[in-house]
Amino acid sequence: MKKAANTKGGGAYMPPHRLRALLAEQEDQDPAGTEYQRLSWEALRKSINGLINKVNVSNIKLLVPELFGENLIRGRGLFVRSVMRAQASSLPFTPIFAALTAIVNTKLPTIGELLITRLIIQFRRSYKRNDKPTMTATTTFLAQLVNQRVANEIVALQILVLLLEQPTDDSVEIAVSFMREVGAYLAEEAAKANSGIYERFRAILHEAGIDKRVQYMVEVLFQVRKDKYKDNPIIPEGLDLVEEEDAITHQIGLDDELKVEEMLNVFKFDPEYTANEEKYKEIKTEILGDESDEESGSNDGDDDGDDESEDEPDRGINADGTVDVHDQTGTNVVNLRRTIYLTIMSALDFEEAVHKLVKIHINEGQEVEMCNMIIECCSQERSYSKFYGLMGERFCKLNMSWALAYEECFQTYYSTIHRYETNRLRNIARFFGHQLSTDAIPWTVLDCVKMNEDDTTSSSRIFVKIMFQEVTEGVGLKKLQERLGDPSLRGYLGNIFPVDNPKNTRFSINFFTSIGLGAVTEEMREHLKRAPAMIVHGTTPCDRECLVRLGLVVVRILPLVVVLERFGPESQPFALSFPFALPPSSVALSQSQSQSLSFPIALPFSQRLLARRKPTPSQLVASLAFASASSSLAFASPASSFALARSCGQEGHEAPGPQARCRTTEAR
């Protein structure tokens, strides 16, 4: 243990689990001894170095809390040295390291000040030594720190003046690269000084004292300025993590007397080690917050607010005679949405965002505003961020009221999804897909999705496609089939998986098959196979009960038939249309079709037959009854009409034409 503690690197390589075991053992023996402090120093150095090497745009919000979990006050020298080394070896990642420094600087300004001090001293040394690579890395880092408002723009102007005062090929080249990084910021914050710098560049071009290659670089810089630095924004996308009012800017000049504080990079015994560690724990709690205490505090605050609201209802007129004025212009809603937006944008991760949003005072009925704001922020992103999906999931699982609010939002957004452009539509669909895959909102919301040709648009179909693909990606196709086959959801999935109409069923099958989810359509395919062949071809015979009821109606209108036939044209059939209600057993028709239909009835009584032989009403009744008993009533889908036809001893049913004759009647 002593040999490992006394060496510079802690001796031979020691696995992390072994080092933790040694730390625990030494802490039990002497928690404030030199050996324990040295081992903890090595562990701190490795942890800070590992976190900085892992940082990138996608995980910077997740690594910052871990970084604050280490004692950055004790290891500020280690942090600054590690950041400078990582940036010098990887210049394209300079904006990421600058954003990380800006976040740390808002809570621990001494770290930002130390970093700027060391960068300025390093720039001075590299300038004197004419060390171009080191000078390029240093100026690039300083430019990004100026963009992040950690360093003042004065230091950037001083560097540019120094580099262009006595121009050489190397100094002008470094000035051009430095100006491309910081030019957009200087154009906004120091427009006059920025114009003066470009005038100096123009004078250098006119003097023609530099190499042609460098002259071309200066000309390209003027073109970049003309294009308003479109390829060199002030802060790249995804790294604007610090609010302007929270930023702390250090006023350090290029000519100031500065101290490097090299001793902060090496181990030094701390006689008050335990007290300093306790102090940093308090600082860490203040920065990151104690979840248990804050949650209990928020719950107590909510309970107190509820009690006050119950004790003092809003009556409009107070006891002292004053009148409460309620703003109906929507200003309160706008302010609420602004507060929600700023809270979301300033959060490091979704848990912090939800924790802060829960503390916001929201009046009853305004929960939907919170949900809408989260969905709107999600839709505005260039690509879908799981950050918002996790926020929505956490809200839904906190309280049932949030789940109901998101359910209402789903119905609203689905009905108005055609108003959104493709990128926003995609983000919204993936957001709700995440909620369904995690059971944050109930699957009964799919009741509002009607998958047929008439009730869907191209936008709604794209929405459903992306949403189900997100669900499949989250839970897998097998679990999706099990969920959709749940008997408790069958009543809510009748619109998205219709079986009432073969046309709608085929449309739904084709849609889900085209998006790669044909497995969920097996039940609809089986339904089509089990359906009678007459339904598939569009023809369904009525049962015998229908014929009996038709015969009763024919008997009632018989006197009118006789009159019309007697005074009608010779040998011409006529048609009567009257409402007729099908019996309940006629299941081939929908409920709306079976309530009231018109049946064109062709009764070809000829005037010649009636003139030659005048039948009595009883004979006509018997004739019609015989014709009705030997006929069938059929539904023809192409013409959507019903006709009374005689089978005449042939297979199938033949509808009477305009010149048809009833052979049974003529025989009589």
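In what follows, the structure referred to is the one given above.
Residues numbered from 1 in each chain as written. Predicted model: local features only at pLDDT ≥ 70, side-chain atom pairs only at ≥ 80, totals over all residues. Heavy atoms only, no water.

Trainee: Requested: an account of the layout of surface pockets, with residues and values cited.
Mentor: Empty space within the second largest pocket amounts to approximately 1200 Å³. If you trace the second largest pocket, you find 42 residues lining it, with Lys 61, Gly 238, Leu 239, Leu 241 and Glu 381 closest to the centre. Secondary structure elements with two or more residues in the lining of the second largest pocket: helix H4 (60–69), helix H10 (169–189), helix H15 (331–346), helix H17 (367–380) and helix H18 (386–398). The greatest single-element share of the lining of the second largest pocket, amounting to five residues, is contributed by H15. Class assignment for the residues of the lining of the second largest pocket results in 21 nonpolar, eight polar and 13 charged. (1 Å grid on protein atoms, 1.4 Å probe; cavity = no way out; pocket = protein on both sides within 12 Å on 5 of 7 lines; lining within 4 Å. Points joined across faces, edges and corners; volume = space filled by probe spheres on them. Helix = DSSP H or I, 4+ residues; strand = E, 2+ residues; numbered from the N terminus. Nonpolar A, V, L, I, M, F, W, Y, C, P; charged D, E, K, R; others polar.)

Trainee: Can you break down the state of the cysteines residue by residue, with the values?
Mentor: Under the definition given, this model contains zero disulfides. For Cys 371, which is in no disulfide, the shortest distance to another cysteine sulfur is to Cys 409 and amounts to 4.8 Å. Taking relative accessible area as the criterion, Cys 371 reaches 0% and is therefore assigned buried. (Disulfide = S-S within 2.5 Å. Buried < 20%, exposed > 50% of the residue type's maximum accessible area, 1.4 Å probe, protein only.)

Trainee: Describe in detail the nonpolar core, supporting the description with residues and values.
Mentor: Leu 72, Phe 79, Leu 145, Val 172 and Phe 201 are the most contacted members of the largest nonpolar core, which totals 83 residues. Looking at which element gives the most residues to this core, the answer is H10, with ten residues. The residues contacting Phe 79, other than those within four sequence positions of it, are Ile 48, Ile 52, Leu 67, Leu 72, Leu 100, Val 104 and Ile 111. Core analysis: the next-biggest nonpolar cluster, separate from the first, contains 66 residues, Ile 344, Phe 387, Met 451 and Ile 496 among them. (Core = buried A, V, L, I, M, F, W, Y, C linked by side-chain atoms within 4.5 Å. Contact = heavy atoms within 4.5 Å.)

Trainee: I'd like a rundown of the packing of helix H21 (residues 458–475) against helix H22 (residues 477–484), residues and numbers included.
Mentor: Across the interface, H21 lies against H22 with an axial gap of 7 Å and an inter-helix angle of 115°. Here H21 is positioned roughly perpendicular relative to H22, judged by the angle of their axes. Contacts from Phe 468, Val 471, Thr 472 and Val 475 of H21 reach H22 at Leu 477, Lys 479, Leu 480 and Leu 484. Taken together, the residues of the contact of H21 with H22 sort by class into six nonpolar, one polar and one charged. (Axes fitted to C-alpha atoms, helices over the stretch in contact; angles between N-to-C directions. Parallel < 35°, antiparallel > 145°, perpendicular 65-115°, else oblique.)

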